[in-house]
Amino acid sequence: FGGLTYEPAKHLGLAHLLIETIDKGTEQRDAKAVSDAFDEIGVRHSAWSGRETVGFNMTCLPEFIEPAIDLQAEMVREPVFPQDMRAVVLDLSHQELRALEDSPRELADKYLSKQAYGDPLGRHPLGSHESLDSIQRDVIVEYWKRLVSPGRMQVSVAGAFDPDRIVAKLEAAFDGFGEATQSGREHFEVDFSPVRSHHEKELEQEHISIC
């Protein structure tokens, strides 16, 4: 579900802020308690945002997969998006944007994606300083409500487990949450045409990207 292509044009960076704040507390636990609950059963977990999706990864021993699913479902279903945590994540995102200016290769990739794919597929996950500052807590909540539902989820599981039992567990974990009807992703056109551009920056080396 989600992804940077689904962000409102004035709120670029929204998907990134969502995945950075969704684990900062639920209706049942604060951020530390969420982290401790995963640690207690040895679950390594992370989140990411892409062009057309946001995703969550978990790695654990087979005997802990069901409580791990419960924790992940709690995090996805019941986030509270604390205002103080939003401020922390926002500050870190601004720092990442500033650091990007000192990473020529990543900066070249940013401009190449924008040029090759256009809008919205060529957007950068961090947006801009101005768009990040425009994202208040209610914007994150609205984005979560609009895009997060079982009908927009895809789950992959690998390892020593009983498939039927895991399917039943997933259905129970997300029962009654959001829209269950499957909904496909939107189709985004790419209007690619040969073009050349130059970004002026004082560096010791010249970086050339070709797509």
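What comes next is a walk through the structure. These figures come from a predicted structure and were not determined experimentally.

As for the packing of aromatic side chains
Evaluation of the coordinates by the stated rule reveals 4 aromatic pairs. Geometrically, the ring pair formed by Y6 and F188 is edge-to-face, given 5.6 Å between the ring centres and 85° between the ring planes. With Y6 in the segment before helix 1 (14-21) and F188 in the segment after helix 8 (163-173), this pair connects stretches of sequence that are 182 residues apart. Three or more aromatic residues link up through ring pairs in this structure, and these residues are F81, W144, F174 and F177. Note that K110 overlies the ring of Y111, its terminal NZ or CZ placed 6.0 Å from the centroid. Residue placement shows R152 over the ring face of Y6; its charged tip is 5.4 Å from the ring centre.

Here's the deal with the side chain of S131
Note that S131 resides in helix 6 (residues 129-133). Owing to a relative accessible area of 6%, S131 belongs among the buried residues under this scheme. Reaching out from S131, the side chain makes a polar contact with the backbone oxygen of L12 at a distance of 2.7 Å. The residues contacting S131, other than those within four sequence positions of it, are K10, H11 and L12.

What about the packing of helix 1 against helix 4 (residues 83-100)?
Look at helix 1 against helix 4: their axes get within 10 Å of each other, and the N-to-C directions meet at 130°. Put simply, helix 1 runs oblique to helix 4. For the crossing formed where helix 1 meets helix 4, the hand is right-handed. Between helix 1 and helix 4, the contacting residues are H16, L17, E20 and T21 on the first element and R86, V89, L90, S93 and E96 on the second.

What about the packing of helix 1 against helix 7 (residues 137-147)?
At their nearest, the axes of helix 1 and helix 7 sit 10 Å apart, and the two run at 90° to each other. Classified by the angle their axes make, helix 1 and helix 7 are roughly perpendicular. Residues L14, A15, L17, L18 and T21 of helix 1 touch helix 7, and the partners they reach there are V139, I140, Y143 and W144. Residues belonging to the contact of helix 1 with helix 7 are distributed by class as follows: 8 nonpolar, 1 polar and no charged.

Remarks on unusual backbone geometry
Leaving glycine out, the prevailing phi sign among residues is negative, and the prevailing peptide bond configuration is trans. In this structure, P120 follows D119 across a cis peptide bond, with omega equal to 10°. Its identity as a non-glycine residue notwithstanding, F81 has a phi of 45°, on the positive side. By the element assignment, F81 lies in the loop between helix 3 (65-77) and helix 4. Exposure remark for F81: the relative accessible area of 2% places this residue in the buried category.

Re the environment of E200
With respect to the helices and strands, E200 occurs in the segment after helix 8. Spatially, the C-alpha atom of E200 lies 53 Å from that of E171, the residues being 29 residues apart in sequence. Side-chain polar atoms of E200 contact the side chain of H198, separated by 3.1 Å.

Section: helix 1
Owing to its 3.6 residues per turn, the α-helix aligns residues three or four sequence positions apart on the same side. Across the 8 residues of helix 1, 7 count as buried, placing the element largely inside the fold. Regarding helix 1, the residues found buried are L14, A15, H16, L17, L18, I19 and T21.

Topic: the layout of surface pockets
In this structure, the largest pocket spans a volume of roughly 1100 Å³. Taken together, 37 residues line the largest pocket, and the ones lying closest to its centre are F56, N57, Q154, V155 and S156. Put simply, the parts of the chain that give the lining of the largest pocket at least two residues each are strand 2 (54-59) and helix 3. By residue class, the composition of the lining of the largest pocket is 21 nonpolar, 13 polar and 3 charged. What the second largest pocket holds in volume is close to 760 Å³. If you go around the second largest pocket, you meet 26 residues; those closest to its centre are S197, H198, H199, H207 and S209.

The rules behind the values
- Going along each chain's sequence as written, the residues are numbered from 1 onward.
- Residue-level local features of this predicted model are given only where pLDDT is at least 70; pairs of side-chain atoms are given and counted only at 80 or more, and the full residue set underlies all totals for whole chains, interfaces and linings.
- Only heavy atoms go into the side-chain values, all of them from the structure, while hydrogens and water stay out.
- Note on aromatic contacts: the rings of Phe and Tyr and the six-membered ring of Trp form a pair at centre separations within 6.5 Å, being stacked when their planes are under 30 degrees apart, edge-to-face when over 60 apart, and tilted otherwise.
- Think of it this way: any DSSP run of H or I at least four residues long counts as a helix, any run of E at least two long counts as a strand, and we number them from the N terminus.
- The criterion is that NZ of a Lys, or CZ of an Arg, lies within 6 Å of the ring centre and within 35 degrees of the ring normal, and then a charge sits over that ring.
- Only protein chains enter the accessibility calculation, which uses a 1.4 Å probe; a residue is then buried when its area is under 20% of its type maximum, exposed when over 50%, and partly exposed in between.
- Polar contact is the term for a pair of N or O atoms within 3.5 Å; when the atoms are in protein, one must be able to donate a hydrogen and the other to accept it, and sequence-neighboring residues count only if both atoms are side-chain atoms.
- It only takes one pair of heavy atoms within 4.5 Å for two residues to be counted as in contact.
- Lines fitted to C-alpha atoms define the axes here, with helix axes fitted over just the stretch in contact, and angles between the N-to-C directions of these axes take values from 0 to 180 degrees.
- Note on terminology: angles under 35 degrees are roughly parallel, angles over 145 are roughly antiparallel, angles of 65 to 115 are roughly perpendicular, and the others are oblique.
- A clockwise turn of the near helix away from the far one marks a right-handed crossing, whereas an anticlockwise turn of less than a right angle marks a left-handed crossing.
- For this classification, the nonpolar set comprises Ala, Val, Leu, Ile, Met, Phe, Trp, Tyr, Cys and Pro, the charged set comprises Asp, Glu, Lys and Arg, and every other residue, Gly included, is treated as polar.
- Whether a set of points on the 1 Å grid over the protein atoms alone is a cavity depends on a 1.4 Å probe fitting there but being unable to get out, while an open set qualifies as a pocket with protein on both sides within 12 Å along at least five of seven lines; lining residues are those with an atom within 4 Å of a point.
- Grid points are joined across faces, edges and corners, and a volume is the space filled by probe spheres set on the points.

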